[in-house]
Structures are given as C-alpha cells and as structure tokens.
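Spelled out from the first residue to the last, the chains are:
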Amino acid sequence: MTSAYQDTPQTRPATGPATGPAPGTATGSATGPAPGTATGSATGPAPGTATGSATGPAPGTATGSATGPAAGTAAGSAVGTATRRGATLLAAVALAQMLVGIDYNIVFVALPEIAELGFRQGSLPWVISAYAIAFGGLLLLCGRLVDRYGRRRLFMAGVALFALGSVLGGAATSPALLVIGRAVQGAGGAALSPAILALLSANFEEGPARNRALGIWGAAGSAGMVLGSILGGVLTQALGWRAVFFVNVPLVVLVVALAWRSVPLDRPEAPAGPLDVKGGVLATAAAALTVMGLTFATEDGWSSRAAWVCLGLAALAVAACVGVESRAAAPLFRKEHLGNRHLAVGTASTFLFMAGFGALAYFVTIYLQNTRGLSALSTGLVFVVPCVGVLIGTHVGGRLATRSLRVALVSGNLVGAVVLTVLAVAIGAETGWAVLLTTLFLLSVGQGVVFTAMFATAATGSADDEQGTVGGIATTGQQLGGAVGLAVLVTLTAGSGDTTRAAVGWIAAIVAAGAATALLVPRTRQDPAAPAHD
C-alpha cells in the first residue's frame, strides 16, 4: 500500500516547468488528483502515479520535461510536506484517543459530588453505564459506516458528538440530562474509535511505520485513562464536578484544528450497494443489551431479573442478526472476517485485555481509597507511576510487533501475569509503597506492550477499505471484555475475605489466558515491502 504518511515515501517527485498551487506539489501542464503527486503533460491512470509526456518505467515514478536543481527542491518540499501532514495526522488521532481514554475514568472520582444533582439511590451508576452501553453498542455499526461513508466524516462526527455530550453533561440540571449527555459522549466514542484505527491502518504502511503509529496512539489512549483519574480528582476538588465535562471542550477544539487539514478527504462518490440497516440495528441491540445486562449483574448481582432479561434479549438479537447477515447483500461483516486469524486472535486479545488489565484499575482504586485511606486526588496521583509504565510499554510493543506479533502479545501478557501473581501475594493493608509502585509499574509495561500488539494483530492482513469494520470488531471485543470481566470478577470476589487479593489473583489468570491465546497468532514476520503470511 502506498501512503502519503509513510516514513519512506514511495513516490519520487518529478520536475516540470511550473510549480503547482499546493506546497510540495510540482505540476507540468496538468495537476494530478492527489496532493504530493507530480505530473507532466498528462496524468497517469492510477492515483499516486505521475507521468511527463511519457510514462516512466515504474509505477509511482514521475518524469517531467527537464531535470535540475529544482527537482531536488520539489522532492524535499514534497517529502517535508508529507512528513509534516503525517505527524499532524498522528497527533490529531492520538489526542482524540486520549480524549476517549480520559472520559473512561474521569467521572469515577466525581461521582460523590455528581450524586448531589438529585440521583435516587441505586441510579448513580448509570452515569457510567450510559457511556459504556452507547459506546459498546454502536461500535460494530460505526465501524461499517467508516468503510461506507469515509474515515474523515465519521471522525469529525465522533468529535462533534463528543463535544455535544460534554456540554450536555456539564450543563445538566437533572439526572436524566446528565445520563443523556454521557450516552451522547459514548456514541461519539463509538464513531471515533474505528475511524481512528482505520486512519492509522490506511495511512501508515503495515510493518514498522504502522506499529510505531499504533504505539504512539496506544500510549495516548492508555495515558488518557490514567490522566482521567488524575484530572477527575484535581478538577472536582478545585472547580466542582461540572469541570470534568467542560474540560473536554478545549481538547475537542484542538483535535479539530489538527485534523482539519491533516485527515485526508473522503472519496466524493456515493457508496455502492444498500446499507445493511437491519443488521446494524440488530448488532447494536445485541451489543448494547449485553453490556446493559452485565452492568445490572455488576450492580445488583446475578440474581437481578433485569440482568437476565437483558441478556436473554441480547441472545435473541444475536440469533436474529446471524440470520439477517447470512442473507444480506452487503452484510455488516462477512464470513471472511471470521476466517481471518489475525482479526480473530486480535479481537480475543482485546476482550481478555479489558477483562483483565482493564478491570484492575477498578480494584486498585477501591484498595487505595478504602484500604489505604487515600483521597481521590492522592489516588489519581498514584496512577502517574503506571502511566509511565504504559508509555514505555507501548513504545516497546511497537518495536516487538514489528519483529513478531506473536512474541509481542505473548511476552506482554506473560510479564503482566507474573507480576500480577507477585502482587496478589504481596498486596495488603501494610504493603510497602516501594513494592506496590514497582509492581504497578512493571505490569503496566506489559499492559502497554499488549495494547499496541493486539490492535496491530487485528489490523494485519485486511484491506484498507475494511479497516473501519475491523476496528469496530476489535474495539467491540474490548468493550464487551470490560463489561464481562468486571461483572464476573465482582461476583467471584464477593464472598472472599480480601477482595483486592482475590481480584488480582483472578486477573492474573485472565492475563495468562491472554498469553495462551496469543500463541494462535499466525507466524508472520512483518516487512514493510512485502509482508509475509502463513
């Protein structure tokens, strides 16, 4: 795949008698359709291929009517422009992912003050659940919409929904309005996540360039989750709970400013074929009802009638969706997706990652506040240490994934499982801070490695025009894993004498299962020039 944002451009700029109107674009008598494409007197038939009066010997090679010093200037300008746009694009999607990560945790520490808005007893958890249900329920549909209507359109729509939800939440005068605002934020996250993954996969070549980009993206998202805990404590204590919503607005403005000129325009032609509306509705209902049922089970226990009603309806929606998809002319996802081992293992890894690593933050937060007596602000500051570990891990994960996706996934999960086992033995009311912070740091390094590698695995081997669907499938696994993991872990630890110790032990087992699952990744050594396959 040729990308304008690769580390090594695949097109050699050409010279012509005149300079085109866009920086970094050299033209002869006509200008090619893509920025950074140079033409002579005619434009070649393929995007990214430029010709002079005759076509050069290799695709992607352009010739003009003359050569000379101007050629070097045009080449340097084109390369510099492509590099700057690639860096700006990466900054835009990384900041957007950080925004999603921040909102995953920022509301937790503000819940006691949010309750003063008038929430009835037992209804406060819906501030969290509304976000999770909308996010998890809409991912599959939004992933398909990314491939159908365009990455830029869904990215911008997601940012707009996120901003709208933040304003509604911050200005809410009743619990209902606040919950609606959180649901709108979740819908924005559902549009953003597959669009971001599709932009990264389509604009960075499979191999080192993409893995580095995924490492930066993963670091931003993981850091956002930690920053959410910190910002939640700081803002709530200093400015009140409404600030945890309004803080998103300037971040959204910055994302739009970065993305406006760096995110490539979508193709202008209308999408072909009908939209699978029935499949989209049923898939959304199945995912949303599953998350809702698990949320009820977490809050009220598995004896909750509401939980079983939702899960039963989810099962019916899944069965109906399978029937509809088997007959659809343009299905939401195809049988080929099920046969893609990279996607299957990548999605299983995202599920187990959130069921294990993702649930850990919940139990560590309770431990720090209830067992160690820390304030919300102090608890948030403790999470700075794992934040650093995640940043290091995502960088290492990008490098390891370039060598071997299997090695990256297995090693990251194994590090996490071993350190979690040690933590399960050591953790208690009197655990030394050096031991606690060291183990949190080390397991966060493993977490960062897995985070990068699992999405790189899911995206491998799929066409560019399917990366939205692929991202939607992988991220749905992530959201469902978080809901299933927390519900099951709360149940398993309910009767134990030491909830934290028991939870960490079970999480170690889940992460070890992630390492075993990673052994199923096809033996592939990625090469940016010619990726190898089984």
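As the structure is a computational prediction, the values presented were derived from the model and not from experiment.

1. A word on the overall build of the protein chain
Right, so step 1: Helix and strand counts for the protein chain stand at 18 helices and 4 strands.
Right, so step 2: For the protein chain, contacts bridging at least 24 residues in sequence account for 78% of all contacts bridging at least 6.
Right, so step 3: Split by element, the accessible area of the protein chain, about 22,000 Å² in all, is 67% carbon and sulfur.

2. Focus: the layout of surface pockets
Right, so step 1: In this model, the second largest pocket occupies a volume close to 1,400 Å³.
Right, so step 2: Lining the second largest pocket are 49 residues, with Asn105, Phe108, Ile128, Tyr362 and Leu486 positioned closest to its centre.
Right, so step 3: Looking at the lining of the second largest pocket, the element that brings in the most residues is helix H12 (residues 341–371), giving 12 residues.
Right, so step 4: Residues that form the lining of the second largest pocket fall into these classes: 31 nonpolar, 16 polar and 2 charged.

3. A short note on the packing of H12 against helix H16 (residues 433–459)
Right, so step 1: Between H12 and H16, the least distance of the axes is 9 Å, while the angle of their chain directions is 155°. Between H12 and H16, the angle is such that the two are roughly antiparallel. H12 and H16 meet at a crossing whose hand is left-handed. Counting all contacts with H12, which are made through His342, Leu343, Gly346, Ser349, Thr350, Phe353, Phe357, Leu360, Val364, Tyr367 and Leu368, the residues of H16 involved are Trp433, Leu436, Leu440, Leu443, Gly446, Gln447, Val450, Phe451, Met454, Phe455, Thr457 and Ala458.
Right, so step 2: Among the residues making up the contact of H12 with H16, the classes are represented as 16 nonpolar, 7 polar and no charged.

4. Let's talk about the environment of arginine 305
Right, so step 1: Assignment of secondary structure puts arginine 305 in helix H10 (residues 305–327).
Right, so step 2: Looking at arginine 305, the relative accessible area reads 72%, which means it is exposed.
Right, so step 3: Distance in space between the C-alpha atoms of arginine 305 and glycine 293 is 9.4 Å, their sequence separation being 12 residues.

5. Quick word on the nonpolar core
Right, so step 1: Ranked by internal contacts, the top residues of the largest apolar core, which has 92 residues, are Val93, Phe155, Leu192, Ile196, Leu200, Trp217 and Leu420.
Right, so step 2: For this core, the leading source of residues is H12, giving 13 residues.
Right, so step 3: If we ignore the near neighbours within four places in the chain, the residues touching tryptophan 217 are Val93, Gln97, Ile196, Leu197, Leu200, Phe451 and Phe455.
Right, so step 4: By size, the runner-up hydrophobic cluster in this structure holds 17 residues, among which are Ile102, Ile106, Leu111 and Phe119.

6. Quick look at the pattern of salt bridges
Right, so step 1: Within this structure, the stated rule accounts for 2 salt bridges.
Right, so step 2: With its nearest N and O atoms 3.3 Å apart, the salt bridge here joins arginine 182 to aspartate 103. One end of the pair, arginine 182, is in helix H5 (residues 175–203); the other, aspartate 103, is in helix H1 (residues 69–105), with 79 residues separating them in the sequence.
Right, so step 3: Relative accessible area serves as the criterion here: at 1%, arginine 182 is assigned to the buried category.
Right, so step 4: Given the relative accessible area of 1%, aspartate 103 is considered buried.
Right, so step 5: Between aspartate 498 and arginine 501 there is a salt bridge, with its nearest N and O atoms 3.4 Å apart.

7. Thoughts on the side chain of arginine 182
Right, so step 1: For arginine 182, the side chain forms a polar contact with the main-chain oxygen of valine 127, separated by 2.8 Å.
Right, so step 2: Setting aside its immediate chain neighbours within four residues, arginine 182 contacts Asp103, Val107, Val127, Ile128, Ala130, Tyr131 and Phe245.

8. Re empty space enclosed by the protein
Right, so step 1: Counting across every chain of the model gives 5 cavities of 30 Å³ or more.
Right, so step 2: Looking at the largest cavity, its volume works out to about 190 Å³.
Right, so step 3: Lining the largest cavity we find 18 residues, and of these Gln97, Val100, Phe135, Gln478 and Gln479 sit closest to its centre.
Right, so step 4: Elements represented by at least two residues in the lining of the largest cavity include exactly H1, H5, helix H6 (208–239), H16 and helix H17 (467–493).

9. So, the packing of helix H14 (residues 384–403) against H16
Right, so step 1: Contact geometry of H14 with H16 gives a least axis separation of 6 Å together with a crossing angle of 35°. Between H14 and H16 the crossing geometry is right-handed. Contacts between H14 and H16 involve Val385, Pro386, Val388, Gly389, Val390, Ile392, Gly393, Thr394, Val396, Gly397, Gly398 and Leu400 on the former and, on the latter, Leu437, Leu440, Phe441, Ser444, Val445, Gln447, Gly448, Val449 and Thr452.

10. Here's the deal with helix H3 (residues 126–149)
Right, so step 1: Helix length check: H3, at 24 residues, gives a terminal C-alpha distance of 32 Å against a target of 34 Å (1.5 Å per residue), a fit within 8%.
Right, so step 2: At leucine 139, H3 shows its maximal kink, close to 50°.
Right, so step 3: With its phi angle positive at about 120°, glycine 150 sits one or two positions after the end of H3.

11. Topic: the packing of aromatic side chains
Right, so step 1: In the structure shown here, the tally under the stated rule is 9 aromatic pairs.
Right, so step 2: Measuring from ring centre to ring centre gives 5.8 Å for tryptophan 302 and tryptophan 308, while their planes differ by 50°; the resulting arrangement is tilted.
Right, so step 3: When the ring centre of tryptophan 260 is taken as reference, the NZ or CZ atom of arginine 152 above it lies at 5.2 Å.
Right, so step 4: Above the ring of tryptophan 433, the side-chain terminus of arginine 372 is found at 4.5 Å from the ring centroid.

The rules we used
- Residues numbered from 1 in each chain as written.
- Predicted model: local features only at pLDDT ≥ 70, side-chain atom pairs only at ≥ 80, totals over all residues.
- Heavy atoms only, no water.
- Helix = DSSP H or I, 4+ residues; strand = E, 2+ residues; numbered from the N terminus.
- Contact = heavy atoms within 4.5 Å.
- Areas by Shrake-Rupley, 256 points an atom, 1.4 Å probe, with all protein chains shown as cover.
- 1 Å grid on protein atoms, 1.4 Å probe; cavity = no way out; pocket = protein on both sides within 12 Å on 5 of 7 lines; lining within 4 Å.
- Points joined across faces, edges and corners; volume = space filled by probe spheres on them.
- Nonpolar A, V, L, I, M, F, W, Y, C, P; charged D, E, K, R; others polar.
- Axes fitted to C-alpha atoms, helices over the stretch in contact; angles between N-to-C directions.
- Parallel < 35°, antiparallel > 145°, perpendicular 65-115°, else oblique.
- Left-handed = near helix turned anticlockwise from the far one by under 90°.
- Buried < 20%, exposed > 50% of the residue type's maximum accessible area, 1.4 Å probe, protein only.
- Core = buried A, V, L, I, M, F, W, Y, C linked by side-chain atoms within 4.5 Å.
- Salt bridge = Lys/Arg side-chain N within 4 Å of Asp/Glu carboxyl O.
- Polar contact = N/O pair within 3.5 Å; in protein donor to acceptor, adjacent residues only side chain to side chain.
- Expected span 1.5 Å × (residues − 1).
- Bend = angle between axes of the 7 residues up to and from the residue.
- Phe/Tyr/Trp six-rings, centres within 6.5 Å; stacked < 30°, edge-to-face > 60°.
- Lys NZ or Arg CZ within 6 Å of the ring centre and 35° of its normal.

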